[in-house]
Amino acid sequence: MKSGTVAVIGRANAGKSTLVNVMVGEKVAIVSPKPQTTRDRILGVLTREDRQIAFADTPGIYKQRNALTDLMMDTTDVTARDVDVILYVHDGHAGVTPEDVALMKKYAALSVPMLIAYTKTDIMPLEKIPADAAYLFEQGVTADVYPVSARKGKNIKKLEEAIVALLPEGDKLFEEDIVSDKSERFMISEIMREKILLKYEKEIPHGAAIVINTFQRRENGTYEINLDIVCEKKNHKAILIGKQGRALKETASFARADMEKFLGAKVFLTVYVKVKEDWRDSVNLMRELGYRKSE
């Protein structure tokens, strides 16, 4: 049996989480069109009769710097050093720049077998693919390139087989029914954050963190969930709440529907908005909100 870990790495918004969800066959990571959607390392586990692949979905590489971004980039680099395979996810639709080449070389230099998933091929001219692959090779990127479309399911099986070929022989790392290493409580907070990312524009979503105050299953099988949305500025709080609370009610309603689908039960959700000024630049506040340096 083949069994091992795969670090899923790439620029912000390259489609890493979407690809992991498709390969695992279940939603284990939230997705949105905005960068920095993934803040933590999230494990998605694919188990078949002859293989088990533990995909470590990492925060996207992002230029904007603050204490939170630094923490996220550290998580990505630590993860890359301790896996069996690196799957570098590149947004093919965005083209290939010298900066992309430099990032690929950085992770290839770790002496961990690396593959490149060239994503979003369903929304780009197909004739670009061979030219980009040739350019990468000319620039010294020797990892095999697999053009894929997670949305269309194109070449996903080929990519899986290529990953399996690089994994060591070994026993399962997880029980067969486990698809993620994250708790229900964590996933509930991520569902809430996903809806904020999808609902609000500009800087608001990036400055939001979720704190679960109550996560309790009642005797009748329903769930009581009380959470805070923590933002960075008072005017952000006003935008999150909206006129007469309409924006917050709508966002909470969307989140509750997904929570009920995830938990398979009715959810009673209470949401508050709190302000912690510039928390993304405070190590102490980040620790208070659950963001800690990777070991």
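Keep in mind the model is a prediction, meaning the values are calculated, not measured.

Caption draft 1: Representation of the overall build of the protein chain. Scanning the protein chain for helices and strands turns up 9 helices and 9 strands. Taken over C-alpha atoms, the radius of gyration comes to 20 Å for the protein chain, in line with the 19 Å a tight globule of 295 residues would show. Oriented by its inertia axes, the alpha-carbon framework of the protein chain measures out at about 55 × 40 × 35 Å. Here the protein chain holds 295 residues, and the buried ones make up 51% of them. Long-range contacts, defined as pairs at least 24 residues apart, comprise 73% of the intrachain contacts of the protein chain with a sequence gap of at least 6. Summing over all exposed atoms, the protein chain offers an accessible surface of approximately 14200 Å²; the carbon and sulfur share of this is 50%.

Caption draft 2: Structural view of the side chain of Thr-76. For Thr-76, the position within the fold is in helix α2 (residues 67-80). With a relative accessible area of 0%, Thr-76 lands in the buried category. In this structure, Thr-76 is in contact with Ile-9, Thr-58, Pro-59 and Tyr-107, ignoring residues within four places of it in sequence.

Caption draft 3: Broad picture of the packing of aromatic side chains. The final tally for this structure, using the stated rule, is 3 aromatic pairs. Both rings, one in Tyr-88 and one in Tyr-107, keep their centres 6.4 Å apart while their planes meet at 45°; by these two values the pair is tilted. Of the two residues, Tyr-88 sits in strand β4 (residues 85-91) while Tyr-107 sits in helix α3 (residues 98-108), which places them 19 residues apart along the sequence. Of the two residues examined, Tyr-88 and Tyr-107, each falls in the buried class. Their ring planes at 10° and their centres at 5.8 Å tell us that Trp-279 and Tyr-291 sit as a pair that is stacked. Placement of the pair is Trp-279 in the loop between β9 (267-275) and α9 (283-288) and Tyr-291 in the segment after α9, with a sequence separation of 12 residues. As far as the burial class goes, Trp-279 and Tyr-291 line up, both buried. A cation over an aromatic ring shows up here: Lys-182 above the ring of Phe-186, its NZ or CZ 4.8 Å from the ring centre. The side chain of Lys-266 reaches across the aromatic face of Phe-268, ending 5.5 Å from its centre.

Caption draft 4: Spatial organisation of the packing of helix α7 (residues 234-241) against helix α8 (residues 246-263). It is at 5 Å that the axes of α7 and α8 come closest, and there the two elements cross at 65°. Along the contact surface, α7 presents Ile-239, Leu-240 and Ile-241, while α8 presents Arg-246, Ala-247 and Leu-248. A per-class count over the contact of α7 with α8 returns 5 nonpolar, no polar and 1 charged.

Caption draft 5: Up close: the packing of helix α1 (residues 16-24) against helix α5 (residues 156-166). At their nearest, the axes of α1 and α5 sit 11 Å apart, and the two run at 85° to each other. Between α1 and α5, the angle falls in the class roughly perpendicular. For the pair α1 and α5, the contacting residues are Leu-19, Val-22 and Met-23 in the first and Ile-156, Leu-159, Glu-160 and Ile-163 in the second. Its residues assigned to classes, the contact of α1 with α5 comprises 6 nonpolar, no polar and 1 charged.

Analysis parameters
- Residues numbered from 1 in each chain as written.
- Predicted model: local features only at pLDDT ≥ 70, side-chain atom pairs only at ≥ 80, totals over all residues.
- Heavy atoms only, no water.
- Helix = DSSP H or I, 4+ residues; strand = E, 2+ residues; numbered from the N terminus.
- Rg over C-alpha atoms; globule rule 2.2 N^0.38 Å.
- Buried < 20%, exposed > 50% of the residue type's maximum accessible area, 1.4 Å probe, protein only.
- Contact = heavy atoms within 4.5 Å.
- Areas by Shrake-Rupley, 256 points an atom, 1.4 Å probe, with all protein chains shown as cover.
- Phe/Tyr/Trp six-rings, centres within 6.5 Å; stacked < 30°, edge-to-face > 60°.
- Lys NZ or Arg CZ within 6 Å of the ring centre and 35° of its normal.
- Axes fitted to C-alpha atoms, helices over the stretch in contact; angles between N-to-C directions.
- Nonpolar A, V, L, I, M, F, W, Y, C, P; charged D, E, K, R; others polar.
- Parallel < 35°, antiparallel > 145°, perpendicular 65-115°, else oblique.

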